[in-house]
Amino acid sequence: MRSKHQISTLFLAILLLLNLGCFASPRKSIRSRHPCKEMVFYFHDIIYNGKNFKNATATIVGAPAWGNHTILANNNHFGNVVVFDDPITLDNNLHSPPVGRAQGFYIYDKKEIFTAWLGFSFVFNSTAHKGSINFAGADPLMNKTRDISVIGGTGDFFMSRGVATIMTDSFEGEVYFRLRVDIKLYECW
Amino acid sequence: MRSKHQISTLFLAILLLLNLGCFASPRKSIRSRHPCKEMVFYFHDIIYNGKNFKNATATIVGAPAWGNHTILANNNHFGNVVVFDDPITLDNNLHSPPVGRAQGFYIYDKKEIFTAWLGFSFVFNSTAHKGSINFAGADPLMNKTRDISVIGGTGDFFMSRGVATIMTDSFEGEVYFRLRVDIKLYECW
Amino acid sequence: MRSKHQISTLFLAILLLLNLGCFASPRKSIRSRHPCKEMVFYFHDIIYNGKNFKNATATIVGAPAWGNHTILANNNHFGNVVVFDDPITLDNNLHSPPVGRAQGFYIYDKKEIFTAWLGFSFVFNSTAHKGSINFAGADPLMNKTRDISVIGGTGDFFMSRGVATIMTDSFEGEVYFRLRVDIKLYECW
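Because the structure is a prediction, the values reported are computed rather than measured. (Residues numbered from 1 in each chain as written. Chains lettered and ligands numbered in written order. Predicted model: local features only at pLDDT ≥ 70, side-chain atom pairs only at ≥ 80, totals over all residues. Heavy atoms only, no water.)

## Describing the overall build of chain A
Here is step 1 of the chain: Scanning chain A from terminus to terminus reveals one helix and nine strands.
Here is step 2 of the chain: In chain A, the succession of helices and strands from N to C terminus is α-β-β-β-β-β-β-β-β-β.
Here is step 3 of the chain: In chain A, which comprises 189 residues, the share counted as buried stands at 58%.
Here is step 4 of the chain: Within chain A, contacts between residues separated by at least 24 positions form 45% of all contacts whose residues are at least 6 apart in sequence.
Here is step 5 of the chain: In the form shown here, chain A has an accessible surface area of approximately 7700 Å², with 57% of it arising from carbon and sulfur atoms. (Helix = DSSP H or I, 4+ residues; strand = E, 2+ residues; numbered from the N terminus. Buried < 20%, exposed > 50% of the residue type's maximum accessible area, 1.4 Å probe, protein only. Contact = heavy atoms within 4.5 Å. Areas by Shrake-Rupley, 256 points an atom, 1.4 Å probe, with all protein chains shown as cover.)

Laid out in structure tokens, this is it:
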């Protein structure tokens, strides 16, 4: 009777370990798809077009042989590289108080349709958030939603990893667009 | 006798924990170098040279002062930035049915020899794979094999991390090259 | 008495598990902010200015409409893209024996003040270190210290993640600067 109880105690301890997924290898089993942090932001991109220097937050810096640096190129802007420093807001209003800056670049990378590749950071320095979130990934911008990677973070977002879902919230000609970004972090330290 | 058994039960539970490496710090101990997923792909890059627009999958978008956007620059192409949207195939045949697109950019970043830096994604949208894998890293392309980082993923490759080994499988003049990519993921969710 | 002891054994096992943070979700609890590796390096950037080709380690490859590829542009260099292959040294002397190369790019991304975005690798091939460390992040270079992300690594730095703190150690006109980089890895495999 005694040893039976002791065996069941050990058995329960082992079960607990198994359920909690505490195994070193393979790592497949220890991951949760439940975000440890969720945030929604908007950012606003105004591309320099030769006339709007004061308001512009982005500028063309690379172009294919058939392009230039004031007008996005033919063939779905294939080959245009754009550098940006865009205000981040909590709602979809360009004139809302910015809570940070989205800084980095995007490249249009396909001849046949609009699609882009993004490398950028959200930089925060307010009472709400201090630190940065770094992003990279493909942005097939004709899709309603696109997922890119959160590849790291600093400050309040120290060592973060996750997925950000991007939606084009507004698109006005070839000068202004607004993106909504739903950030889900799955690694929080 | 009773308590001896109970102590040994506890002792076993502790041993289990130690063996499974479930310690928060240092993290060195909990990592496995056994991949949780392995894949091999090829991708094909045809650089625009002023005459091959229809077939081109890549184009020069940045150049040093001594360069232009239709011919790769002198001095080992130092300073050339190339944007690409290359077909991914399962074998080394350019004409095999593409299973996805490799999209992003590379920069030639050294005067003295050929070497590059890569930022790109594999974008899949087929029955076999949906989602993206994001890569970044140095590509010293005169080496037979080069390792870059898998910095994140989405969809089927949600939150992936790993190492990709790149080999130049073919190199024809300055217009076409084909890379073989052996992807090993060590974080799978 | 017997069952009381057995319950306390089980209770201790559960406590152990809780303390060790072996829970799959949320992941917040299992992280240590104690680095598993720390390193300090310097790297040296000499930008090509039309006259210093031999010594130059970096060159302008992208510019806004108001810029060119031999002089950094007005408006805080907004829109300049620079590609580099800089020597890494263990101290702040440009002429110390290099221990590796810092290779990649930076972009100046703001009109109003100097700030940049970095994507690059440290590439080592010596007896001390073999492999690469990959970095990405915002570099608000007027701040005394700036944190960027270590987004991956290969070789000796297989699968690394961490935070690198950058300091401008010297800045001479618009041709030479030297950065000190304090690398702290929090994921070591």
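## As for the packing of aromatic side chains
Aromatic ring pairs are described here by two measures, namely the spacing of the ring centres and the angle between the planes.
Here is step 1 of the chain: Evaluation of the coordinates by the stated rule reveals 73 aromatic pairs over all chains.
Here is step 2 of the chain: A centroid spacing of 5.6 Å and a plane angle of 35° characterise the contact between A:Phe84 and A:Tyr106, whose relative ring orientation is tilted. Taken together, the positions of A:Phe84 in strand β3 (residues 81-89) and A:Tyr106 in strand β4 (residues 100-108) put the pair 22 residues apart, joining distant regions of the chain. We note that A:Phe84, like A:Tyr106, is buried.
Here is step 3 of the chain: Ring centres of C:Phe158 and C:Trp189 lie 6.2 Å apart, and the angle between their planes is 80°; on these two criteria the pair is classed as edge-to-face. One end of the pair, C:Phe158, is in the loop between β7 (145-155) and β8 (161-172); the other, C:Trp189, is in the segment after β9 (176-187), and 31 residues separate them in sequence. Neither residue differs from the other here; C:Phe158 and C:Trp189 are each classed as buried.
Here is step 4 of the chain: Through pairs of rings, three or more aromatic residues link up here, namely A:Phe41, A:Phe43, A:Phe84, A:Tyr106, A:Tyr108, A:Phe114, A:Phe120, A:Phe122, A:Phe124, A:Phe135, A:Phe157 and A:Phe177. (Phe/Tyr/Trp six-rings, centres within 6.5 Å; stacked < 30°, edge-to-face > 60°.)

## Re unusual backbone geometry
Here is step 1 of the chain: One non-glycine residue, B:His77, lies in the positive phi region at around 65°.
Here is step 2 of the chain: Following the sequence through the fold, B:His77 ends up in the loop between β2 (58-62) and β3 (81-89).
Here is step 3 of the chain: Positive phi, normally seen in glycine, also occurs at C:Asn75, with a value near 65°.
Here is step 4 of the chain: Relative to the helices and strands, C:Asn75 resides in the loop between β2 (58-62) and β3 (81-89).

## Details of the pattern of salt bridges
Here is step 1 of the chain: Within the structure shown, the criterion is met by 24 salt bridges over all chains.
Here is step 2 of the chain: The partner of B:Lys111 in a salt bridge is B:Glu112, with the nearest N and O atoms 3.9 Å apart.
Here is step 3 of the chain: Assessed through its relative accessible area of 48%, B:Glu112 is described here as partly exposed.
Here is step 4 of the chain: Linking C:Asp139 and C:Arg146 is a salt bridge whose minimum nitrogen-to-oxygen distance equals 2.5 Å. Here C:Asp139 matches C:Arg146 in class, with each residue buried.
Here is step 5 of the chain: Here the salt bridges share partners, and the residues they tie into one network are A:Arg161, A:Glu187, B:Arg161, B:Glu187, C:Arg161 and C:Glu187. (Salt bridge = Lys/Arg side-chain N within 4 Å of Asp/Glu carboxyl O.)

## A short note on the state of the cysteines
All names here are of chain A.
Here is step 1 of the chain: All chains considered together, the criterion is met by three disulfides over all chains.
Here is step 2 of the chain: Between Cys36 and Cys188 runs a disulfide, and the two sulfur atoms are separated by 2.0 Å. Taking the sign of the S-S torsion, about 90° here, the bridge from Cys36 to Cys188 comes out right-handed. Taken together, the positions of Cys36 in the loop between α1 (2-20) and β1 (37-46) and Cys188 in the segment after β9 (176-187) put the pair 152 residues apart, joining distant regions of the chain. Accessibility assignment for this pair places Cys36 and Cys188 in one class, buried. (Disulfide = S-S within 2.5 Å.)

## Looking at the side chain of A:Asp86
Residues and elements named next belong to chain A.
Here is step 1 of the chain: Tracing the chain through its elements places Asp86 in strand β3.
Here is step 2 of the chain: At 2.7 Å, the side chain of Asp86 and the side chain of Thr57 are in polar contact.
Here is step 3 of the chain: Residues contacting Asp86, with those up to four places away along its chain left out, are Phe43, His44, Asp45, Thr57, Gly100, Arg101 and Ala102. (Polar contact = N/O pair within 3.5 Å; in protein donor to acceptor, adjacent residues only side chain to side chain.)

## Focus on the pairing of strand β4 (residues 100-108) of chain C
Residues and elements named next belong to chain C.
Here is step 1 of the chain: Among the nine residues in β4, eight count as buried, and that is most of the element.
Here is step 2 of the chain: Of the pairings in the sheet, the one linking β3 to β4 comprises eight bridges and is antiparallel in character. Residue pairing in the sheet places Asp85 in a bridge with Gln103 of β4.
Here is step 3 of the chain: The sheet contact formed by β4 and strand β5 (residues 116-125) spans eight bridges and is antiparallel. Looking across to β5, one finds that Ile107 is bridged to Trp117. (Pairing = 2+ DSSP bridges.)

## Re the side chain of C:Asp139
Here is step 1 of the chain: Secondary-structure assignment places C:Asp139 in strand β6 (residues 130-139).
Here is step 2 of the chain: For C:Asp139, the residues in contact, after removing those within four places along its chain, are C:Thr115, C:Ala116, C:Leu118 and C:Arg146.

## Side note on the environment of B:Ile88
Residues and elements named next belong to chain B.
Here is step 1 of the chain: Relative to the helices and strands, Ile88 resides in strand β3.
Here is step 2 of the chain: Remark: the alpha-carbon pair of Ile88 and His34, spanning 54 residues in sequence, is separated by 25 Å.
Here is step 3 of the chain: Ignoring anything within four residues of it in the chain, the contact list for Ile88 reads Phe41, Tyr42, Phe43, Pro97, Pro98, Val99, Gly100, Arg101, Ala102, Phe122, Val123 and Phe124.

## Digging into the environment of C:Phe105
All names here are of chain C.
Here is step 1 of the chain: Along the polypeptide, Phe105 turns up in strand β4.
Here is step 2 of the chain: The class of Phe105 is buried, set by a relative accessible area of 4%.
Here is step 3 of the chain: Considering only alpha carbons, one finds Phe105 and Trp117, twelve residues apart in sequence, at a separation of 8.4 Å.

## Quick look at the pairing of β3(C)
Residue and element names in this part refer to chain C.
Here is step 1 of the chain: Burial within β3 is extensive, with nine of its nine residues counted as buried.
Here is step 2 of the chain: By the bridge criterion, two bridges tie strand β1 (residues 37-46) to β3 in an arrangement that is antiparallel. Paired with Tyr42 across the two strands is Thr89, which belongs to β3.

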